[in-house]
Structures are given as structure tokens and as C-alpha cells.
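Here's the letter readout for the chains.
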Amino acid sequence: MKSRTEEIVQRAKDGDPQAISLLLNHYFQIKNIKIKVVRKNSDLQILLMSDKLINQDSTVKSIRNGFLKLQPRSVGKLRLYAKQIDKEIPDWTYEIDLHQAESIEVKDNSFKEDNTQSYSVLQAEDFRVSGEQELLYISLAIAGFIALILLSVSLGLILLVIAVSAFWIKIQQGQLLGDSVKVSSKQFFEINSQAQTAAKRLCMKMPDVFIKQSPTINAFATGFLDDRYTVVLHSTLVEALTQDEIIFILGHEFSHIKCGHTNFLLLTDSAENFAQIPFVSNILGFIFLWWSRKGEYTCDRGGLIACRNLNAAISALAKLSIGRELFEQMDLEALLDQRHEFNSNDAAKISELFGTHPSIVHRIHALKTFYDSPEYKKLSLNS
């Protein structure tokens, strides 16, 4: 007959959060740390509370080593939240991936953005799709050639489009402070944590992130030739997506910034609410369509590097296409098979040439190909 201790250990190995909480509280009792454990799908959320600031390094090391020895079944990630009893906001958080046996820090102890961190590990060229830069240069060359042909009048209009759009970007960024909610450690804590995770894995400074009320599932990045870049998440997207799906979307939009796309998006029709000058804006938008589609493939790669979850990346793209409720009824394999029908339909292939984004079925296929490549495995381990 098993003793009570053996029963608790066995329950903990089975992933029982109450049993795990008992073991953790027993271990940390000498340090006057109280612990609560909540299970969410395959993840465990662990809240550590004490009268004083909890040492992050030693606590994380103890919990990580303990779980690696315990090896609880069906537990994927540990999300640690450490706070002082008399405070509402955690002093620090940490994420431990038991499957990969590696730890990824989400925030520093002061719960502020780390502006001194080096962001040189992962470069945009490491995951940029082949041909994207070349198409950008070709598009710029064509635009310049047309400007030379039409001489000063058209050149003036093109410069006017750029100037007006750049000014409008700054106006929009200012409006976001008044009409949308800025994500921070005090506002939408989980989204802020996900944004910091995406930025860390992409080796870049986290841009400002806003949530804007909108009935459409969408997000976009904006900014022009300065350090002030912004990513906007529509409220419906935040409500519809899971944590890893949101990290994929954030990683995708952050990659637009990291790869310098936002400086040229105002020349395409993909930029939201930019100032448009009839005919001139349409011509410029069409010239940059090929590059725009390549850029989306590049940023999908960045999103996958950020979330490290192929299924979440695919489901996020599917929800962009059909919405959350219908996604629950959708056969994903049938959607993937739809790509073959798309490629055999000449009208469908031609229609994609007029879009700023590749088709969803092509984007999902490209993601799966990248995920299976040695290139992804190398980048995901190093970032």
C-alpha cells in the first residue's frame, strides 16, 4: 500500500496541479514562499507569493530541475509569476518549456522593457524569403524609371504621395494614443508578455503595441524611417486567437518592422488607411505587389520563429480567413488540399497576382516547408 507521499508524487507525475502545488509548497516552505498551481490545457501557471522579493535565478533553477526530474506527463510549459503578497503586479515572470528542456525569459525583474539588450543574434536576412529583396529593388527601379519618363510632374506626385503618407502615419500613431489601448505591464498583461516573447525570439526591441476595436480579425505594423514603430491588433483578433496564435501574429508584424517593410508599405495598397492619390497611388501599388507578397512569406517565417508552434501558426492563418467560430467546424486537411485545386485554376492563379498577400493555402504550404527545413531548426534554436 502506497504512503500518502508516494500517492502525491504519483499524482504529480500524472500532471495533477493540486499534487504539484503540495510538492512545491513543501519544498519552498523553508523560504516562506507560498505557491498556487493552475492547469490550462498542457501548461501550468505557477504563482509564487512571498513577503519579500523572490530571487528569480535560484527559484527558476530549482523549479526547472525539479520538474525535469519529476517528468510530469502531458505538461508542456511552465509559466511562473512571482509577486510580493502586498502587490498586485508580479515582480517577474518566466516561461519554461519542458519539451525543449530550455528556458525563455519573458520579463526582467523590474518589469520594464530592456532597452540595453543586444539584438544582433538573429538578423532579418536569416529568414528572409529568397527573392524578396531583389523584387523590392526591381520594383524601386521600375518606379524610378516611370518617374523619369513622366519627368517632373509625375515625380512630384510620387514624392507628394510619400510625403502625405508619411505625415499621415505620424497622425495615425498619435491618434492611437487617444482612441486605442496601449499594451503594457499594467494593461493587458498577457498580451504584453506575448509581445516581449516575440520580440526576444526575433532579437529586436519591442515596438509599441495597441489594441483597437474592430469587427475584423486583423493586425498591422506601421512606422516610417525612425525608431517609433507601432503594431496594432484588432480587438476581434485578440478575442479569437490562442496565446501561441497571437505570438505568431505579433512575430509576423514585428518582422515587417525588423525587415524594414514598413518604410515601403506606404507605396503598396496593403497599408491601412494611408493617404491615396488617384491613379498615382494605384500605379505604385501595382508595381510593388510582387515584393509585397514575398514580404508576407518572410514575415510568416518570422511569426513561426516567434511562436515555435506550426499548428498555432496554421490555425492563426486559417482564422484570418474564416473566423474563430467557423474554424471550429473546418476540416484543415481539406483546406490544405484546396491548394491543388487553386493551382490548377488559371483564374485563381491570375487573381493572386493582383493581391498584396499570397493566398492562405500557399502561405500555409510555405510555412510547413520552412518548418521542415534545417534552416528553421537552426534559427529557432539560436533565437
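Report follows, based on the coordinates.

**Topic: the overall build of the protein chain**
Turning to step 1, where the next piece is worked out: The helix and strand tally for the protein chain stands at 16 helices and nine strands.
Turning to step 2, where the next piece is worked out: Buried residues in the protein chain amount to 49% of all 383 residues.
Turning to step 3, where the next piece is worked out: Of all intrachain contacts in the protein chain linking residues separated by at least 6 positions in sequence, the fraction that spans at least 24 positions is 65%.
Turning to step 4, where the next piece is worked out: Per element, the accessible surface of the protein chain, about 19,400 Å² overall, is 56% carbon and sulfur.

**Quick look at the packing of helix α4 (residues 132–149) against helix α10 (residues 289–307)**
For any two helices packed against each other, the geometry comes down to the angle between their axes and how far apart the axes lie.
Turning to step 1, where the next piece is worked out: At a minimum axis separation of 8 Å, α4 and α10 run at an interaxial angle of 155°. Here α10 runs roughly antiparallel to α4, going by the angle between their axes. Of the two elements, α4 crosses α10, and the hand of that crossing is left-handed. Listed contacts from α10 to Glu 132, Leu 135, Leu 136 and Ser 139 of α4 are Trp 290, Trp 291, Lys 294, Gly 295 and Thr 298.
Turning to step 2, where the next piece is worked out: Within the contact of α4 with α10, the residues separate by chemical class into four nonpolar, three polar and two charged.

**Quick word on helix α15 (residues 360–371)**
Turning to step 1, where the next piece is worked out: Counted at 1.5 Å a residue, the expected span for α15 with its 12 residues is 16 Å, and the 16 Å between its end C-alpha atoms agrees.
Turning to step 2, where the next piece is worked out: Among the residues of α15, those classed as buried are Ile 360, Val 361, His 362, Arg 363, Ile 364, Leu 367 and Phe 370.

**Points about empty space enclosed by the protein**
Turning to step 1, where the next piece is worked out: Using the criterion set out here, one finds three cavities of 30 Å³ or more in the structure.
Turning to step 2, where the next piece is worked out: By volume, the largest cavity is sized at about 130 Å³.
Turning to step 3, where the next piece is worked out: Lining the largest cavity are 14 residues, and of these Arg 79, Tyr 81, Glu 95, Ser 193 and Gln 243 lie nearest its centre.
Turning to step 4, where the next piece is worked out: Elements with a contribution of two residues or more to the lining of the largest cavity: β3 (77–84), β4 (92–97), α6 (189–201) and α8 (243–258).
Turning to step 5, where the next piece is worked out: Sort the elements by how many residues they give to the lining of the largest cavity and α6 lands first, with four residues.
Turning to step 6, where the next piece is worked out: Its residues assigned to classes, the lining of the largest cavity comprises five nonpolar, six polar and three charged.

**Examining the layout of surface pockets**
Rolled over the atoms, a probe with the dimensions of a water molecule shows which regions are left empty.
Turning to step 1, where the next piece is worked out: Put simply, the largest pocket is a space of about 820 Å³.
Turning to step 2, where the next piece is worked out: Along the wall of the largest pocket there are 33 residues; nearest its centre are Asp 43, Lys 77, Arg 79, Asp 244 and Asn 309.
Turning to step 3, where the next piece is worked out: Grouping the amino acids of the lining of the largest pocket by side-chain chemistry returns 10 nonpolar, 12 polar and 11 charged.

**Things to note about unusual backbone geometry**
One can expect most non-glycine residues to show negative phi and most peptide bonds to be in trans.
Turning to step 1, where the next piece is worked out: Positive phi, normally seen in glycine, also occurs at Asn 41, with a value near 60°.
Turning to step 2, where the next piece is worked out: Within the element layout of this structure, Asn 41 appears in the loop between β1 (34–40) and β2 (43–50).
Turning to step 3, where the next piece is worked out: Judged by its relative accessible area of 70%, Asn 41 falls in the exposed class.
Turning to step 4, where the next piece is worked out: Here Arg 308, not a glycine, exhibits a phi torsion of approximately 55°, which is positive.
Turning to step 5, where the next piece is worked out: Mapped onto the elements, Arg 308 comes out in the loop between α10 and α11 (310–322).

**What to know about the packing of α8 against α10**
Turning to step 1, where the next piece is worked out: Relative to each other, α8 and α10 sit at 135°, their axes nearing to 7 Å. With respect to α10, the element α8 is oriented oblique. As for the relative orientation of α8 and α10, their crossing is right-handed in sense. Contact residues: α8 offers Asp 244, Ile 247, Phe 248, Gly 251, His 252, Ser 255 and His 256, while α10 offers Gly 295, Glu 296, Cys 299, Asp 300, Gly 302, Gly 303, Leu 304, Ala 306 and Cys 307.
Turning to step 2, where the next piece is worked out: Each residue belonging to the contact of α8 with α10 can be placed in one class, and the counts come to six nonpolar, seven polar and three charged.

**Quick look at the nonpolar core**
Turning to step 1, where the next piece is worked out: Of all hydrophobic cores here, the largest spans 54 residues; its most connected members are Leu 233, Leu 250 and Phe 254.
Turning to step 2, where the next piece is worked out: Filtering out sequence-adjacent residues up to four positions away, Leu 250 remains in contact with Ile 191, Gln 194, Ala 195, Ala 198, Val 209, Val 231 and Leu 233.
Turning to step 3, where the next piece is worked out: Core analysis: the next-biggest nonpolar cluster, separate from the first, contains 25 residues, Ile 8, Ala 19, Val 37 and Leu 70 among them.

**Here's the deal with the sheet that holds strand β9 (residues 230–234)**
Turning to step 1, where the next piece is worked out: Read across the open sheet, the four strands follow the order β6-β7-β9-β8; overall the sheet is mixed. The sheet terminates laterally at β6 (181–182) and β8 (219–222), the two strands that pair on one side only.
Turning to step 2, where the next piece is worked out: Examined bridge by bridge, β8 and β9 share four bridges and lie antiparallel to one another. When the bridges of β9 are listed, Phe 220 appears paired with Val 232.
Turning to step 3, where the next piece is worked out: Along the sheet, α8 makes contact with β7 (208–212), β8 and β9, crossing β9 at roughly 150°.

**Some words on the side chain of Lys 83**
Turning to step 1, where the next piece is worked out: If you trace the backbone, Lys 83 turns up in strand β3.
Turning to step 2, where the next piece is worked out: With no salt bridge to any partner, buried Lys 83 finds its closest opposite charge in Glu 88, at an N-O distance of 6.0 Å.
Turning to step 3, where the next piece is worked out: Within the structure, the side chain of Lys 83 is placed 2.7 Å from the backbone oxygen of Lys 87, a separation counted as a polar contact.
Turning to step 4, where the next piece is worked out: Apart from residues no more than four positions distant in its own chain, Lys 83 is found in contact with Leu 47, Leu 48, Met 49, Ser 50, Ile 54, Glu 88, Ile 89, Pro 90 and Asp 91.

**Side note on a nonpolar patch on the surface**
Turning to step 1, where the next piece is worked out: On the surface, Phe 286, Trp 290, Ile 350, Leu 353 and Phe 354 cluster together into a nonpolar patch covering about 500 Å² of accessible area.
Turning to step 2, where the next piece is worked out: In this structure, Trp 290 sits in helix α10.

**Re the packing of aromatic side chains**
Aromatic ring pairs are defined here through the distance separating the ring centres and the angle between the ring planes.
Turning to step 1, where the next piece is worked out: One pass over the structure, following the stated rule, counts four aromatic pairs.
Turning to step 2, where the next piece is worked out: Both rings, one in Tyr 27 and one in Phe 28, keep their centres 5.0 Å apart while their planes meet at 80°; by these two values the pair is edge-to-face.
Turning to step 3, where the next piece is worked out: Tyr 27 gets classed as partly exposed once you look at its relative accessible area, which sits at 48%.
Turning to step 4, where the next piece is worked out: Grouped by ring-pair contacts, the aromatic residues Phe 370, Tyr 371 and Tyr 376 constitute a single cluster.

The rules we used
Residues numbered from 1 in each chain as written. Predicted model: local features only at pLDDT ≥ 70, side-chain atom pairs only at ≥ 80, totals over all residues. Heavy atoms only, no water. Helix = DSSP H or I, 4+ residues; strand = E, 2+ residues; numbered from the N terminus. Buried < 20%, exposed > 50% of the residue type's maximum accessible area, 1.4 Å probe, protein only. Contact = heavy atoms within 4.5 Å. Areas by Shrake-Rupley, 256 points an atom, 1.4 Å probe, with all protein chains shown as cover. Axes fitted to C-alpha atoms, helices over the stretch in contact; angles between N-to-C directions. Parallel < 35°, antiparallel > 145°, perpendicular 65-115°, else oblique. Left-handed = near helix turned anticlockwise from the far one by under 90°. Nonpolar A, V, L, I, M, F, W, Y, C, P; charged D, E, K, R; others polar. Expected span 1.5 Å × (residues − 1). 1 Å grid on protein atoms, 1.4 Å probe; cavity = no way out; pocket = protein on both sides within 12 Å on 5 of 7 lines; lining within 4 Å. Points joined across faces, edges and corners; volume = space filled by probe spheres on them. Core = buried A, V, L, I, M, F, W, Y, C linked by side-chain atoms within 4.5 Å. Pairing = 2+ DSSP bridges. Lys, Arg positive; Asp, Glu negative; His and termini not counted. Salt bridge = Lys/Arg side-chain N within 4 Å of Asp/Glu carboxyl O. Polar contact = N/O pair within 3.5 Å; in protein donor to acceptor, adjacent residues only side chain to side chain. Patch = residues over 30% accessible without salt bridge, like charges linked within 9 Å, V, L, I, M, F, W, Y side chains within 5 Å. Phe/Tyr/Trp six-rings, centres within 6.5 Å; stacked < 30°, edge-to-face > 60°.

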